[in-house]
Number of protein chains: 2
Amino acid sequence: MAVIGIDPGTALTGYGIVNEREDGSLQLICYGVIRTESKTRPESRLKKIYIELNEIISQYKLDSGAVERLFFQRNTTTAISVGQARGVAMLSLAQAGLTVYEYNPLEIKQAVAGYGRAPKKQVQQMVKTLLSMKEIPHPDDAADALATAICHLHSRKMLTYISI
Amino acid sequence: MAVIGIDPGTALTGYGIVNEREDGSLQLICYGVIRTESKTRPESRLKKIYIELNEIISQYKLDSGAVERLFFQRNTTTAISVGQARGVAMLSLAQAGLTVYEYNPLEIKQAVAGYGRAPKKQVQQMVKTLLSMKEIPHPDDAADALATAICHLHSRKMLTYISI
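Let me begin by describing the structure that accompanies this report. (Residues numbered from 1 in each chain as written. Chains lettered and ligands numbered in written order. Predicted model: local features only at pLDDT ≥ 70, side-chain atom pairs only at ≥ 80, totals over all residues. Heavy atoms only, no water.)

### Description of the sheet that holds strand β3 (residues 26-35) of chain B
All names here are of chain B.
And step 1. Strand order in the open sheet made by the 5 strands is β3-β2-β1-β4-β5, with mixed pairing throughout. Looking at which strands have only one partner, the edges of the open sheet turn out to be β3 and β5 (100-103). Each strand axis lies, on average, 20 degrees off the axis of its neighbour in the sheet, ignoring direction.
And step 2. In this structure, strand β1 (residues 2-7) lies alongside strand β4 (residues 64-68), joined through 4 bridges in parallel fashion. Pairing of Ile6 across the sheet is with Val67, part of β4. (Pairing = 2+ DSSP bridges. Helix = DSSP H or I, 4+ residues; strand = E, 2+ residues; numbered from the N terminus. Axes fitted to C-alpha atoms, helices over the stretch in contact; angles between N-to-C directions.)

### Some thoughts on the pairing of β1(B)
All names here are of chain B.
And step 1. By the criterion of burial, β1 is predominantly enclosed, with 6 of the 6 residues buried.
And step 2. In β1, alternate side chains face the same way, and those of Ala2, Ile4 and Ile6 on one face and Val3, Gly5 and Asp7 on the other are all buried.
And step 3. When β1 meets strand β2 (residues 12-20), the two strands line up antiparallel, connected through 6 bridges. Residue pairing in the sheet places Val3 in a bridge with Val18 of β2.
And step 4. Between β1 and β2, which pair antiparallel in sequence order, lie 4 residues. (Buried < 20%, exposed > 50% of the residue type's maximum accessible area, 1.4 Å probe, protein only.)

### Observations concerning the relation of the copies chain A and chain B
And step 1. Relative to chain B, chain A is turned by 180 degrees and slid 0.0 Å along the rotation axis, the superposed coordinates differing by an RMSD of 0.0 Å. The symmetry that links the two subunits is that of a two-fold axis.
And step 2. A shared binding surface is used by both copies, with 100% of the interface residues of chain A retained as interface residues in chain B. (Least-squares fit on C-alpha atoms with pLDDT ≥ 70 in both. Contact = heavy atoms within 4.5 Å.)

### Examining unusual backbone geometry
All names here are of chain A.
And step 1. A cis geometry characterises the amide bond from His138 onward to Pro139, with omega recorded as -15 degrees.
And step 2. For Pro139, the position within the fold is in the loop between α4 (120-130) and α5 (140-163).
And step 3. Positive phi, close to 50 degrees, is recorded for Ser132, a residue that is not glycine.
And step 4. Mapping Ser132 onto the fold places it in the loop between α4 and α5.

Here you go:
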């Protein structure tokens, strides 16, 4: 069961692939960020995100995708810009035949660190521990993407328990 | 000089292609909307928009694309959803090698109806007249897309005059 988590953004799109072994333990497959230049035209930045994400997705046998559900208090211009990158990421997943699962920031913190108000650093520390990494994953966007993937694997397990 | 205008949305994405003849007059090529079902998964709706837009774009020899620049007062959830459809539309244009031009609602009304505070109906009436249509284009999303395409053709002409 391999899942790709994505933290979309126009300048930085984080991604992280996590596999769940048969014994239930988690295995880090890969993680990183797709960077685009601010001086590049918006449509070219979206194209770069799409192409690089397609390349990453095509390299692994994945079962599903997970993306953070976004909330913006005020800045709707940022919301549109992040929405554009998010749309392109969701398209890339859909074209690979993957269902996209969406999680609130609260659900992600809850699933990874055990409680919804956990500080960012603590969530990152848990990602490091759960994936047996030597260091906290950098940058934040990649760590967030890994946390989203872990959240999906944990939530899925919970649902299985409940259905039993 | 043929331009596609797009009014992106998750449920309805309007499009309209307008050609400028050598004498400067405008010619309607086609217009319509891409509809997606609300019960369908968000990623599948984006995929449908992308595939249908690609089909439309591939049928014509286009010079550029024009998309309305969006502003939302409060509802950031809507902003993200529209942003996602917008991102997919911009990607489709970029992959066809088209540069995407963005215009404010004010610029579009100004270019089509002559003043920035023109009511919607008046803008639609001008679209009908400028494109020698028998009726006002329906639905509103298609009319908005045509207005955006006309705005780009007019703005481009203005820039040419200025540069002379």
